[in-house]
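Here's the letter readout for the chains.
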Amino acid sequence: MVDGIRFEEDEHRLVRACINTPRAKASVYLQGAHVAAYQLAGGAPLLFMSGKSHFEAGKPLRGGVPICFPWFGQKSDDASAPMHGLARLLPWAVESVTTETDGSVTLVLRLESTAETRAIWPFDFTLRHRVTVGTSLTMTLETTNTSDQPFTFEEALHTYFAVGDVRQVSIAGLAGVEYLDKTENLRRKVQDAQPIRITGETDRVYLNTRSTCVIDDPTLNRRIVVEKSGSDTTVVWNPWIAKAKAMPDFGDEEWPGMVCIETVNARENALSLAPGQRHEMQARIHVEAH
Ligand code: BG6
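Residues numbered from 1 in each chain as written. Predicted model: local features only at pLDDT ≥ 70, side-chain atom pairs only at ≥ 80, totals over all residues. Heavy atoms only, no water.

Trainee: Quick rundown of the pairing of strand 17 (residues 202–206)? Include the residues and the values.
Mentor: Successive residues of a regular strand alternate their side chains across the two faces of the sheet. Most of strand 17 is tucked away: 5 of the 5 residues are buried. Where burial is concerned, the two faces of strand 17 agree: the one with Thr 202, Arg 204 and Tyr 206 and the one with Asp 203 and Val 205 are both buried. Note: strand 14 (residues 178–181) against strand 17, 3 bridges, orientation antiparallel. The residue of strand 17 that forms the bridge with Asp 181 is Arg 204. (Buried < 20%, exposed > 50% of the residue type's maximum accessible area, 1.4 Å probe, protein only. Helix = DSSP H or I, 4+ residues; strand = E, 2+ residues; numbered from the N terminus. Pairing = 2+ DSSP bridges.)

Trainee: Outline unusual backbone geometry, listing residues and values.
Mentor: Across the junction of Phe 69 and Pro 70, the peptide omega takes the value 0°, indicating a cis bond. The backbone of Ala 33 sits at a positive phi, close to 45°, despite the residue not being glycine. With respect to the secondary-structure elements, Ala 33 resides in the loop between strand 3 (24–29) and strand 4 (34–40). Of note, Leu 186 is a non-glycine position whose phi angle comes to about 65°, a positive value. Structurally, Leu 186 is set in the loop between strand 14 and strand 15 (187–190).

Trainee: I'd like to hear about the pairing of strand 9 (residues 137–145), residue by residue, with values.
Mentor: Buried residues dominate strand 9, accounting for 9 of its 9 residues. Neither face of strand 9 is open: one carries Leu 137, Met 139, Leu 141, Thr 143 and Asn 145, the other Thr 138, Thr 140, Glu 142 and Thr 144, and all of them are buried. Alignment of strand 8 (residues 125–133) against strand 9, held across 9 bridges, turns out to be antiparallel. Opposite Thr 132, over in strand 9, you have Thr 138 as the bridge partner. Here strand 8 folds back onto strand 9 in antiparallel fashion, the turn holding 3 residues. With 8 bridges joining them, strand 9 and strand 23 (residues 278–289) adopt antiparallel strand pairing. Pairing of Thr 143 across the sheet is with His 279, part of strand 23.

Trainee: Hey, could you go over the sheet that holds strand 7 (residues 105–112) for me, with residue numbers and the actual values?
Mentor: Hydrogen bonding along the main chain pairs the strands of a sheet, whether they run parallel or antiparallel. Reading across from one edge, 6-7-8-9-23-19-18-13-16 is the order of the 9 strands in this open sheet, with antiparallel pairing throughout. Sheet topology places strand 6 (93–99) and strand 16 (196–197) at the edges, where each strand pairs with a single neighbour. By the bridge criterion, 5 bridges tie strand 18 (residues 213–217) to strand 19 (residues 222–229) in an arrangement that is antiparallel. Counted as the bridge partner of Ile 215 is Ile 224 from strand 19.

Trainee: Quick one: what's the story with the site of the ligand, residue by residue and with numbers?
Mentor: In the region of the ligand, the neighbouring residues are Arg 62, Phe 72, Met 83, His 84, Arg 88, His 158, Lys 182, Asp 203, Val 235, Trp 237, Lys 243 and Glu 262. The contact in question runs from an oxygen atom of the ligand to an N or O atom on the side chain of His 84, over 3.1 Å. In this structure, Glu 262 approaches the ligand through a side-chain N or O atom, which is 2.9 Å from an oxygen atom. Burial of the ligand by the surrounding chains reaches 90%, relative to a free accessible area of 390 Å². A breakdown of the residues in the shell around the ligand according to their chemical character gives 4 nonpolar, 2 polar and 6 charged. (Near = heavy atom within 4 Å. Polar contact = N/O pair within 3.5 Å; in protein donor to acceptor, adjacent residues only side chain to side chain. Areas by Shrake-Rupley, 256 points an atom, 1.4 Å probe, with all protein chains shown as cover. Nonpolar A, V, L, I, M, F, W, Y, C, P; charged D, E, K, R; others polar.)

Trainee: Go over the side chain of Ser 147 with me, naming the residues and quoting the values.
Mentor: The residue Ser 147 is located in the loop between strand 9 and strand 10 (151–153) in this model. Assessed through its relative accessible area of 8%, Ser 147 is described here as buried. Every residue in contact with Ser 147, bar those within four places of it in the chain, is listed here: Phe 123, Asp 124 and Pro 275. (Contact = heavy atoms within 4.5 Å.)

Trainee: Could you give an account of the side chain of Ser 27, with specific residues and numbers?
Mentor: Its place among the elements puts Ser 27 in strand 3. In this structure Ser 27 comes out as buried when scored by relative accessible area, which is 10%. In this structure Ser 27 touches Arg 16, Ala 17, His 34, Val 35, Ala 36 and Ala 37, once residues within four positions along its chain are discounted.

Trainee: Give me the nonpolar core: which residues, what numbers.
Mentor: Residues Trp 92, Trp 121, Phe 161 and Ile 215 are the most contacted members of the largest nonpolar core, which totals 72 residues. The contact partners of Phe 161, leaving out residues within four places of it in the chain, are Leu 46, Leu 47, Phe 48, Ile 215, Ile 224, Val 226, Gly 257, Met 258, Val 259, Ile 261 and Ile 285. If you look at the next biggest cluster of nonpolar residues, it comprises 9 residues, including Phe 72, Leu 180, Val 205 and Leu 207. (Core = buried A, V, L, I, M, F, W, Y, C linked by side-chain atoms within 4.5 Å.)

As far as function goes, none of this settles anything; it's purely spatial.
Given below as structure tokens:
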């Protein structure tokens, strides 16, 4: 096994990879290929993880980077299907671990369709999630259609960032972009020229954008830069007060400490793959001091 990675059961008996390199450390749960923590050596946690999160087989973690696949949000033709799809609920297999020349470590996890997934979504697929832990956190979700027919899917790297106080941050990169406002029944709006300020429940699906987003956090004195490729949708989410209270796996007072900037393909940016075809969506995240 490669230096800098260790697999262990956490106190809830879920298996995770603990990655420790000279530059950064991270933990990745096999359930959901879920990156639960990342921080630079000597730095503060980049990702938010709720103190109320479930850590249970078959339940999503609240925080870190859940993977949504093959649909985002509610399944369009079945409201009783699991929210955000199947991938975050299932155990993934370890495919490989490698050390890069710059000392960063790459873990590749794999999920294949099964009779269980076909019962809910009738297609065959292979997902690979490549997580590289170094001076940046790079996550690449690769989807291959292994069916004998085409399929259409949605996907997200539903990244929860830790912030000092969400009311003080500003988010740049989405000026002029059209979005669907999920807090107003998917009303279509256009983002104005100013960086986004969070002043209430925020749940927005920005469409047709490949832009880099930057979270400026004056409380933690840092900027978080989210670059992406293979993704045409960006989702910005903070539940604010009432929704935080309504979620059993999220602390009532935790909402000021997080914001999600999600690397996504959803809604009119859903993707179709022919048999044998493959798609990659990548998020590259790094932090800069003020
Ligand atoms: C966001 C969605 O991405 O995820 C929100 O836009 C949703 O509508 C949120 O509430 C959290 O979803 P879940 O299933 O993890 O509670």
